[in-house]
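Now for the letters of each chain:
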Amino acid sequence: MGVESKSTVTPPAEPDNASACANPTKSPFITHIHVNVALILLSAVAMATRFWQLSQPASIVFDELHFGKFAALYMNRTFFFDYHPPLGKQLLALGAWLGNFDGNFKFERIGQSYASTVPIWHMRLIPALCGSLIVPVAYQTVVELGFSHYAATLTGFLIVFDGALLVQSRFMLLEPMHVLFAMSGLLAVLRLQRLQYRPFSVQWWFCHSVLGVSVILALCIGNYIIVCQICITGGPYFCTFSDSMVVDQTPQPLKHGDVVELVHGMTNHALNSHNVAAPLTPSSQEVTCYIDHNVSSPAHTLWRIDILNRKTDDDVWISVQSHVRLQHVDSSLALKISGKQLPDWGFHQFEVVTDNEFSHEMTAWNVEEHRYTKVEGKQQREHDLTSAEMIPTHPIKLGFWRKFAELQEKMLMTRIDRPLEHMYSSRPLEWPLLGRTTAYWVSSESNAQIHLLGNFVIWYSGVAAGLAYCGLLVFYLIRRQRQCYDIDEGTWNKFRGIGEVLLGGYALNYVTYFLTDATLFLYHYIPALVFKFMLLATMVEHVYMLIGSCKGNCRLLQLIFRCLILMWLAYILIIYIRYASLCYGDKAHTDEELRRLKLKDTWDFILHERNCLVP
């Protein structure tokens, strides 16, 4: 009978605090830092592409015409109304403030060169920064959905090298800010799902804070919702005028092309128009009688006479017979009746505005009566007009909440009467496959131009991924109904997440435009586009997983699939480089180069020499 021997191994004892302190080479504090190299590189490339030559072109690009003007009004501390929420324009004004912009630049037309006093880089800073930050937020969103960092890296790659997202992030536009805040809110929601079993922890409170702030910021930029408008001045002063209007104090004939002042007969105040929204028609410019309340706004009281039914340019304005358009000299807008009645404070008279629709019938005026001196028989009528004075003689004081409530009502109820068609407008059916482009800027000296043009390889692949998801979803549901489970429960939950979050987000930001009765452009597709890119990346990973689960030589199939993906990514990069000049506007293309770049007849590339579209 053998003897069994046993040996016992005793682990070394833990050193006490004294011995740890005695040995300086052993530290009781150990910190592990995980560096996500892929995320850092993608973010760096996003910043580089968005900020490269940010000050170029040094001229107004597309909707910078409007948003730059709003920023200038903020810098001038001038009251204005816009039916969109104000936060995006205030963020642009923040960039203008950082660049010490004085607001003294008139944004008059697309392509107009900026003056040296306009801090172009600073005013484009915040959109470029927000456009860059979309990459890490989308990256982390894919990770929170349970997918690998490879899928998240692919998402970032697709966002970085898409031309439409690049262009929309480089100028004074609102979409990058809107998308960033909305995506940040979505990321917070997904993170909170993982923290549902850790309520009231530090991360739990942080995610709730991010969610609340992000949703509010997103709504304050892109939706009709209660927002807080900063009323820098006390508000506009409204006044109306009666039929007692004089053109000059001396009886002399007025000819076509003469510049005059229109003076209110009872108060002797001149008719004025300035860059402030009309009270009932915010898309038009306000018309008032100018009263100097010691405000900084100067008088703009000159009007040019345009006799519409003249036979020669020397025709004289004749009462009753002459049809006259009055063009405001400073703004080049026409005096017009909007067709809306003012409320009680305006004595229910028709609103008079200035507008750029010169062909509108409401811009034609005629004089039914004229007189040079007071007529004895009308003294009582003049007395009645004077006693019912409609012009405030002192500034109107409104409380903050009164202003706030009125602003919300105006933003919710105001409807801008715009034509449904525009030279570069498009319909939602054209967006997924890039049926139309939008010309943002064309050089006045060459064929250099900027277009909102996406990377068609990514866009077409995204459509294919969406169709593939719908097909697989139907297939899985039918099979699961028959108790056939082709994928495990964890993979099925991730696949459901693609549909519930990504396909659902895409539909929410795309399908609603089919119900919109307004002028639409390709940039309205930008929020849906980000969801489509995330859906595409996650579907690539799902297909790779399906190939790996196949019986047989699945390793070879996966290798082939990886090679195809690398070729696809290389093609995306090639297309990005090929069309980069249409994103930056830094190359004067020849006619032949533009024709080669134009893959569809509906892409609106422009030839400068003939001022026409590329055939």
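Residues numbered from 1 in each chain as written. Predicted model: local features only at pLDDT ≥ 70, side-chain atom pairs only at ≥ 80, totals over all residues. Heavy atoms only, no water.

- An unreviewed UniProt entry annotates the chain as dolichyl-phosphate-mannose--protein mannosyltransferase originating from Priapulus caudatus.
- According to the UniProt record, the Pathway (unreviewed entry) comment for the chain is "Protein modification; protein glycosylation."
- Listed under Subcellular location (unreviewed entry) in UniProt, the entry text for the chain is "Endoplasmic reticulum membrane". (UniProt positions renumbered as here; feature names shortened; annotations may be inferred.)

Overview of the overall build of the chain
Logical step 1: Helices and strands together make up the secondary structure of the chain, namely 18 helices and 13 strands.
Logical step 2: When burial is assessed residue by residue, the chain has 46% of its 615 residues classed as buried.
Logical step 3: For the chain, the proportion of contacts with a sequence separation of at least 24, taken over those separated by at least 6, is 71%.
Logical step 4: Total accessible area computed for the chain in this model is approximately 33000 Å², and 60% of it derives from carbon and sulfur atoms. (Helix = DSSP H or I, 4+ residues; strand = E, 2+ residues; numbered from the N terminus. Buried < 20%, exposed > 50% of the residue type's maximum accessible area, 1.4 Å probe, protein only. Contact = heavy atoms within 4.5 Å. Areas by Shrake-Rupley, 256 points an atom, 1.4 Å probe, with all protein chains shown as cover.)

Points about the nonpolar core
Logical step 1: Within the largest apolar cluster, 127 residues are counted, with the highest numbers of intra-cluster contacts made by Leu158, Met177, Met183, Tyr440, Trp459, Trp568 and Ile572.
Logical step 2: In terms of residue count, helix 15 (residues 526–548) provides more of this core than any other element does, 13 residues in total.
Logical step 3: Formed by 13 residues, the second largest nonpolar core is a distinct cluster that contains Val287, Ile307, Leu335 and Val352. (Core = buried A, V, L, I, M, F, W, Y, C linked by side-chain atoms within 4.5 Å.)

Notes on helix 4 (residues 87–98)
Logical step 1: In a regular helix each residue adds 1.5 Å, so 12 residues correspond to 16 Å; helix 4 covers 16 Å between its end C-alpha atoms and thus fits that length.
Logical step 2: By the criterion of burial, helix 4 is predominantly enclosed, with nine of the 12 residues buried.
Logical step 3: Within the span of helix 4, buried status applies to Leu87, Gly88, Lys89, Gln90, Leu91, Leu92, Ala93, Gly95 and Ala96.
Logical step 4: At the exit of helix 4 stands asparagine 100, carrying a positive phi of roughly 60°. (Expected span 1.5 Å × (residues − 1).)

Considering empty space enclosed by the protein
Logical step 1: By the definition in use, this model includes five cavities of 30 Å³ or more.
Logical step 2: Approximately 80 Å³ is the volume found for the largest cavity.
Logical step 3: Residue lining of the largest cavity: Phe161, Asp162, Gly163, Leu453, Gly454, Asn455, Phe456, Ile575, Tyr576, Tyr579 and Cys583, and that is the complete set.
Logical step 4: The leading source of residues in the lining of the largest cavity is helix 16 (residues 554–579), at three residues.
Logical step 5: The residue inventory of the lining of the largest cavity, partitioned by class, reads seven nonpolar, three polar and one charged. (1 Å grid on protein atoms, 1.4 Å probe; cavity = no way out; pocket = protein on both sides within 12 Å on 5 of 7 lines; lining within 4 Å. Points joined across faces, edges and corners; volume = space filled by probe spheres on them. Nonpolar A, V, L, I, M, F, W, Y, C, P; charged D, E, K, R; others polar.)

Quick notes on a nonpolar patch on the surface
Logical step 1: A grouping of Leu556, Leu557, Leu559, Ile560, Leu564 and Met567 is seen on the molecular surface, where their side chains present a nonpolar patch of about 560 Å² in accessible area.
Logical step 2: For leucine 556, a relative accessible area of 43% translates into the label partly exposed. (Patch = residues over 30% accessible without salt bridge, like charges linked within 9 Å, V, L, I, M, F, W, Y side chains within 5 Å. Salt bridge = Lys/Arg side-chain N within 4 Å of Asp/Glu carboxyl O.)

Remarks on the pattern of salt bridges
Two side chains bearing opposite charge may form a pair once their charged atoms approach each other closely.
Logical step 1: Inspection of every chain in the model, using the stated rule, returns 11 salt bridges.
Logical step 2: Note that arginine 194 is salt-bridged to glutamate 144, the shortest N-O span being 3.4 Å. Separated by 50 residues along the polypeptide, arginine 194 in helix 9 (residues 175–194) and glutamate 144 in helix 6 (residues 125–144) bring together distant segments of the chain.
Logical step 3: Through salt bridges with shared partners, a single network forms among Asp306, Arg310, Asp313 and Arg325.

A word on the side chain of asparagine 455
Logical step 1: On the secondary structure map, asparagine 455 appears in the loop between strand 11 (449–452) and helix 13 (456–481).
Logical step 2: By relative accessible area, which is 3% here, asparagine 455 ends up buried.
Logical step 3: With residues up to four places along the chain from it excluded, the contact list for asparagine 455 reads Phe161, Asp162, Gly163, Ile572, Ile575 and Tyr576.

Describing the UniProt feature "transmembrane region" (unreviewed entry) in the chain
Logical step 1: According to UniProt, the "transmembrane region" (unreviewed entry) feature falls on residues 33–52, 147–167, 173–192, 204–226, 457–478, 498–516, 522–547 and 559–579.
Logical step 2: Within the segment residues 147–167, helix and strand shares are 81% and 0% respectively, and the terminal C-alpha atoms sit 29 Å apart.
Logical step 3: In residues 498–516, the share of helix is 68% and the share of strand is 0%. The end C-alpha atoms are 27 Å apart.

A few points about the packing of helix 7 (residues 149–160) against helix 16
Logical step 1: At a closest axis distance of 10 Å, the pairing of helix 7 and helix 16 adopts a crossing angle of 20°. In terms of axis orientation, helix 7 runs roughly parallel to helix 16. Our pair here, helix 7 against helix 16, has a crossing hand that is left-handed. Across from Leu154, Phe157, Leu158 and Val160 in helix 7, the residues of helix 16 making contact are Trp568, Leu569, Ile572 and Tyr576.
Logical step 2: Of the residues assigned to the contact of helix 7 with helix 16, the class counts are eight nonpolar, no polar and no charged. (Axes fitted to C-alpha atoms, helices over the stretch in contact; angles between N-to-C directions. Parallel < 35°, antiparallel > 145°, perpendicular 65-115°, else oblique. Left-handed = near helix turned anticlockwise from the far one by under 90°.)

Things to note about the packing of helix 2 (residues 37–51) against helix 6
In helix packing, the relevant descriptors are the interaxial angle and the interaxial distance, both defined with respect to the helix axes.
Logical step 1: Two elements in contact, helix 2 and helix 6, have axes separated by 9 Å at closest approach and are oriented at 155°. Relative to helix 6, helix 2 is oriented roughly antiparallel. As helix 2 packs across helix 6, the resulting crossing turns out to be right-handed. Between helix 2, through Ala38, Leu39, Leu42, Ser43, Ala46, Met47, Arg50 and Phe51, and helix 6, the contact on the second element is made entirely by Leu125, Ala128, Leu129, Gly131, Ser132, Val135, Pro136 and Tyr139.
Logical step 2: Class assignment for the residues of the contact of helix 2 with helix 6 results in 12 nonpolar, three polar and one charged.

Observations concerning unusual backbone geometry
Logical step 1: Across the junction of glutamine 56 and proline 57, the peptide omega takes the value -5°, indicating a cis bond.
Logical step 2: Among the secondary structure elements, proline 57 is positioned in the loop between helix 2 and helix 3 (64–75).
Logical step 3: Unusually for a residue other than glycine, serine 332 sits at a positive phi of about 65°.
Logical step 4: Residue position: serine 332 is located in the loop between strand 7 (324–328) and strand 8 (334–341).
Logical step 5: Under the relative-accessibility criterion, serine 332 is labelled partly exposed at 37%.
Logical step 6: Within the chain, glutamine 483 stands out as a residue other than glycine whose phi angle is a positive 65°.
Logical step 7: As for its placement among the helices and strands, glutamine 483 is situated in the loop between helix 13 and helix 14 (489–510).
Logical step 8: Accessibility expressed as a relative area gives 57% for glutamine 483, which makes it exposed.

So, the pairing of strand 7
Logical step 1: Judged by how many residues are buried, strand 7 sits mostly within the fold: four of five residues are covered.
Logical step 2: As paired elements, strand 6 (residues 303–307) and strand 7 share five bridges and run antiparallel to each other. If you follow tryptophan 303 over to strand 7, its bridge partner there is histidine 328. (Pairing = 2+ DSSP bridges.)

Topic: helix 6
Logical step 1: For helix 6, built from 20 residues, the straight-helix expectation of 28 Å at 1.5 Å per residue is met to within 8% by its first-to-last C-alpha distance of 29 Å.
Logical step 2: When you tally the buried positions in helix 6, you get 17 out of 20 residues, the bulk of the element.
Logical step 3: Note on helix 6: the residue one or two positions beyond its end, glycine 146, has a positive phi of about 100°.

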